[in-house]
Each structure stands twice: as C-alpha cells, then as structure tokens.
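Fold and contact review
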Amino acid sequence: MQNKTMMVCRCEEVSFDELVKTASEYNCSARELKLRTRAGMGYCGGRTCRTMVDQIAHIYQPRSNNDISLKYQAPIRPVRFADLGEVKS
Amino acid sequence: MGNKVIIIGAGPAGLSAAITLAEKNIGVVVIDEYLYEGGRLLGQLYEETPNKWWNGIAESERLLARAKELNVEFSLQTSVSDLEKIDQDWVLHTNKGVFHTKQLLLATGAAESPFPIPGWTLPGVMSVGAAQVMTNVHRVKPGKRGVIIGVNVLSSAIAMELQIADVQVAAITLPAANLLTINSSNPLEVMNSLLYVSHMAPSPLIKIGSKFMKNEILKKLGIRFYPKDGVKMWGIPIMLRKAVIEIVGKDQVEGVVLATVNIDGSIVPGSEKRIDVDFVCIAGGLYPLAELASLAGCPFHYIEQLGGFVPLHNEQMETNLTGLHVAGNITGIEGAKVALAQGKVAALTIASKLGASVTQIDIQQAIENVETTRANAHIQFHPEVLVGRQKMKEIWAQTLSHTLS
C-alpha cells in the first residue's frame, strides 16, 4: 500500500499507518496516541503534525469540544539552551 | 514598558488595534515574529470585482505609515515562547527579552494544516501559504511549474497570484483519498464547498457550479460530467475529477502521479498518469493559531465553522481572563477586512478599561462594523461562519451565567 511509508511526524519518524493502527487498536485520545507513538514529541514541538495526529485520533474517538486535545506547552517556539539555563560565570 | 498595551501579531488585526489605541493616546508595543509588519496581508493580491484589486502590501504600508505616525513601537523578529500571569501583569518571554503589560491583545492569526500524500516529505513540497510568501513577499519563485493539491478558496486565490508572478500552475487538483483527506478528496464535497464562493472572482467553474447549486441530482450530474482535464480558471485547470496519488522524485520533487477519481473519490484503476513539476503545494486549510491563549489558560471550544479550537471570547473581544483580549483569525478564520474591524473593537474595549474617552456606543458601533464587514466579505473561508460566531456567543453567555450563579 502506498500509504505505508507516508510520514506524518518527521521528527520522530512516525508513519501514517502506525498512527492509524495505534488509534484503531486503542480507540484512544489524541494525547494517548501521541504518547504511544511519540508523534508530535520531536524537536519541532508538533508544529507540523499536530493537526494530523489530532484528526487521526478523533476518527476513532469522538471529540470533546471543550478541551484542546493536544495541549500546548512552553516553550512554544525554539529557544536557546542558554536562555533556559545559562550559568554566567 | 508595563504601562503600555502589548499586541502580539502585526497583521491586519494587530495593526488596526495599534492604530486605534494610539489615536486614543495610549502607548502600544506590537510584537511580531516576522521580518516585516503586515502579517498575511503581505501575501494578498487578488481581484475583488473586475478591475478592483485588493493589494495586501499596499494596505499594510498604509496601516504601518499611520501606526508609525502615531508612535506605535514595533519589536520585529521577536518570538514569544512563553507567557504567564504574575500578579496583575502578563509576562511575555521572548528571544528579545521579557515584556510586561497589564493589557495584552493576542492577534496571532492562523496557521495552515497540512495533509499527507505519499512523497510529501520531498524537498519542493510546501504549504500553499509558503508559496505565497516566497512569491509575493520575498519575490522568489517557488519553482517553474507546480501543482496545487487541495481545491479551496485560499488555493485558488494563491494559484492566480503565482500565475501573475509568471510561475506556472499545471493544475489545482484533489488529494488522493485517505483518512486525513476525507472531505478534501471527495469531488462532490469539494464542489459543494466551492458553490458557496460563487461571489468570488469571475470563474467559469463557479458559474457552472452555481447552476447545480439547488438540486442534488443535478449536482451529482455536474460532478459526473465534470471535464476530466478540469475547467480553466484564469487559465489554470481546476481538476475536480483528478487526484494526486503520489509525489515523485529522487532528491527533490520531479513530478506527480495524477489519477482520475470517481465521484466518491475512489481511484479509477489504470488512469494514472505522471506529469512533470518542480514544486508541489499542499492546501489543507487554515486553523486559528491559539498557542498563546492556551498557555495563558483560556478555555477553548472546537467550532468547525471557525476553523478549529477557538479561545472563549465575547463580541467585545475579551477573553474570560483579566487583561487578555483576542482579535483576528485567532477567533475564527475569516478575511483580512474582518480582522481589521475586530482589531478596532478589541482596541476600543481596552481603551475604555484604561479610562480613555470611549463610550459603549463606540464599542457597539465597532461591533456592528465587524458584522457588516463579514456580511459583505469577498471571501468566506467557511460558508457557515455566522453559525460559528453564534455558537461562540451562546457559549460565552452560558459560561458567564455559570460564573455568576
């Protein structure tokens, strides 16, 4: 099948098929799908695949309309390690 | 710095809010990630009605000149990575240091949602908005000849812009059906969605479509007999009966494989044909960019007609958090003119809190202006945007009555 190697999360190399398989097996929330596959947990912070991971999860588990399904966590933009914890000597 | 209003986002909503505030003698700092002010205005260039063009760059220059005249401060290339509330202040952590303010306006706009197509990770594949920015803002051609996957208002407008810049668009076509392209790959669904943009720039596609609008059987006939090679709009074939099933190339995009699709979106076996292109745009639509509102702790609601998760807000553009306001596409996907009008409402609301001479009537008039602008909008991203706006109004009223009771 062509979709076999279709990447969804490039950072963590999670394919479309793997996401669909996991979502259909566990009928889980978008967050659980993320934690099970690591999709959206790479260095880009899910900026590319977030909506796709979210959408796949909600094909198998109906959406609750009142919560962001994949939470945003700071930092929402890349920051330098130095900005996080530089010790100035 | 703490006494100034901070606006995040120098697009139409942010600029219009900044001008309105500065006209009331309120100090404003506008923060934006990008190199220039204007936001997505910078990419926009289209014919609204025959011979009347909307030139986003000219609009943003006009707004910027006015803002500068009023001493609005700008901090460009400034990314906000975190935001928190400390005592009465909103504290913004950015790559240019920490900012404090009591009154914050989030005008962060929208982001594009992609969908996957086999081969979509090859260099040369980009979102349709990226092609627009390259072409209209940076004046760099994304390629010589490309294909746009995803037929919608945004992709057809950008296709025309590419053509004006002498970049050939071989076709605007559907994505192959998979779980993530359910609606955007179904010819009938796509045609239905296009019927609502019949007031868009003159196009034979729309004209053909409009005739079928009222009758389901005619609609089906229309899509069944829709020309396989597409109907041309501004010379670009819009192919509702073809889908890209694969993007091919060794180290970069070299072509796409197009196949004929049945009216339910399934592929006609043996119809696959390769065409050569050197870039591919994916047009998956827009969603409100609400990261900062989420970090701030705003409640969210998923409203399809507004493009996805939207922070809880009222018509005055207040969130339920003290000192936090929203305007523009963060509140729902609409055109730049609506964003401009919303920016003004948010600014008047903030100004009135800061004791400037703003009456409730002023704010009410600005809200009515948003509604008029919406009703006259040239481009509607969702045909039922009004339903979405109404939903948010109801949710706000409910939430408020819970809080009070």
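Heads up: the structure comes first, above all this text.
Residues numbered from 1 in each chain as written. Chains lettered and ligands numbered in written order. Predicted model: local features only at pLDDT ≥ 70, side-chain atom pairs only at ≥ 80, totals over all residues. Heavy atoms only, no water.

1. Regarding the pairing of strand 16 (residues 255–260) of chain B
Residue and element names in this part refer to chain B. Across the 6 residues of strand 16, 6 count as buried, placing the element largely inside the fold. The two faces of strand 16 match: Gly255, Val257 and Ala259 on one face and Val256, Leu258 and Thr260 on the other face are all buried. Relative to strand 16, strand 15 (residues 236–248) is paired through 6 bridges, and the arrangement is antiparallel. Across the sheet, residue Val244 finds its bridge partner in strand 16, namely Leu258. The hairpin turn running from strand 15 into strand 16, its antiparallel successor, is 6 residues long, and Gly249 in that turn takes a positive phi close to 155 degrees. Bridge analysis of strand 16 against strand 17 (residues 273–276) gives 4 bridges, and the strand direction is antiparallel. Bridge assignment links Leu258 to a residue of strand 17, and that residue is Lys273. (Buried < 20%, exposed > 50% of the residue type's maximum accessible area, 1.4 Å probe, protein only. Helix = DSSP H or I, 4+ residues; strand = E, 2+ residues; numbered from the N terminus. Pairing = 2+ DSSP bridges.)

2. A word on the sheet that holds strand 8 (residues 97–101) of chain B
All names here are of chain B. Taken together, 3 strands build an open sheet; the order of strands is 6-7-8 and the sheet is antiparallel. Both edges of this open sheet fall to strand 6 (80–86) and strand 8, since each of them pairs with a single strand only. For this sheet, the mean inter-axis angle between neighbouring strands, taken without regard to orientation, is 20 degrees. In this structure, strand 6 lies alongside strand 7 (residues 89–94), joined through 6 bridges in antiparallel fashion. The residue of strand 7 that forms the bridge with Lys85 is Trp90. (Axes fitted to C-alpha atoms, helices over the stretch in contact; angles between N-to-C directions.)

3. Section: the sheet that holds strand 5 (residues 73–75) of chain B
Within a beta sheet, neighbouring strands are joined by backbone hydrogen bonds and run either parallel or antiparallel to one another. Residue and element names in this part refer to chain B. Spatially, 5-2-1-9-22 is the arrangement adopted by the 5 strands of the open sheet, whose pairing is parallel. Looking at which strands have only one partner, the edges of the open sheet turn out to be strand 5 and strand 22 (324–326). Adjacent strand axes in the sheet meet at a mean angle of 20 degrees, parallel and antiparallel pairs treated alike. Inspection of the sheet shows strand 1 (residues 5–8) paired to strand 2 (residues 28–31) by 4 bridges, in the parallel sense. Paired with Ile8 across the strands is Ile31, a residue of strand 2.

4. Thoughts on the interface of chain A and chain B
Contacts between the two partners involve 30 residues from chain A, matched on the other side by 28 residues from chain B. Applying the counting criterion to the chain A and chain B interface returns 2 salt bridges. Counting across the interface, chain A meets chain B through 4 residue pairs in polar contact (both at pLDDT 80 or more). With 7 residues, helix 3 (residues 50–60) of chain A is the largest single contributor of residues to the side of chain A that touches chain B. For the side of chain A that touches chain B, a count of residues per class yields 15 nonpolar, 9 polar and 6 charged. (Contact = heavy atoms within 4.5 Å. Salt bridge = Lys/Arg side-chain N within 4 Å of Asp/Glu carboxyl O. Polar contact = N/O pair within 3.5 Å; in protein donor to acceptor, adjacent residues only side chain to side chain. Nonpolar A, V, L, I, M, F, W, Y, C, P; charged D, E, K, R; others polar.)

5. A closer look at the pairing of strand 20 (residues 300–303) of chain B
Pairing geometry for strand 20 of chain B and strand 21 (residues 308–311) of chain B, over 4 bridges, is antiparallel. Pairing of His301 of chain B across the sheet is with Val310 of chain B, part of strand 21 of chain B.

6. Things to note about the environment of Leu286 of chain B
Residue and element names in this part refer to chain B. Along the chain, Leu286 falls in strand 19 (residues 286–288). Relative accessible area serves as the criterion here: at 23%, Leu286 is assigned to the partly exposed category. Residue contacts for Leu286: discarding those within four places in its chain leaves Ala110, Ala111, Glu112, Ser113, Leu154, Gly307, Ile333 and Phe381.

7. Digging into the pattern of salt bridges
Within this structure, the stated rule accounts for 18 salt bridges over all chains. In this structure, Arg63 of chain A and Asp54 of chain A form a salt bridge, with 3.1 Å as the shortest nitrogen-oxygen distance. Residue Arg63 of chain A is classed as partly exposed on the basis of its relative accessible area of 24%. Residue Asp54 of chain A is classed as buried on the basis of its relative accessible area of 9%. The partner of Glu334 of chain B in a salt bridge is Arg374 of chain B, and the shortest N-O contact between them spans 2.9 Å.

8. A word on the state of the cysteines
All names here are of chain A. Evaluated as defined, the whole model comprises 0 disulfides over all chains. For the unlinked cysteine Cys11, the closest cysteine sulfur is that of Cys44, found at 3.8 Å. The exposure class of Cys11 is partly exposed, given its relative accessible area of 22%. Left unpaired, Cys28 is separated from the closest cysteine sulfur, that of Cys49, by 15 Å. (Disulfide = S-S within 2.5 Å.)

9. Structural notes on the packing of helix 3 (residues 128–137) of chain B against helix 4 (residues 153–164) of chain B
Residue and element names in this part refer to chain B. Contact geometry for helix 3 and helix 4: axes closest at 10 Å, N-to-C directions at 30 degrees. As summarised for this structure, helix 3 and helix 4 are arranged roughly parallel, according to the angle between their axes. You can see that helix 3 and helix 4 cross each other, and the crossing is left-handed. On the side of helix 3, the interface is formed by Val128, Gly129, Ala131, Gln132, Thr135 and Asn136, while helix 4 contributes Leu154, Ser155, Ile158, Glu161 and Leu162. Classifying every residue of the contact of helix 3 with helix 4 by side-chain character gives 5 nonpolar, 5 polar and 1 charged. (Parallel < 35°, antiparallel > 145°, perpendicular 65-115°, else oblique. Left-handed = near helix turned anticlockwise from the far one by under 90°.)

10. Thoughts on helix 3 of chain B
All names here are of chain B. For helix 3, the tally of buried residues reaches 8 of 10 residues, placing the bulk of the element in the interior. Of the positions making up helix 3, those classed as buried are Val128, Gly129, Ala131, Gln132, Val133, Thr135, Asn136 and Val137. With its phi angle positive at about 55 degrees, Arg139 sits one or two positions after the end of helix 3.

These results come straight from atomic positions and should not be treated as a statement about function.
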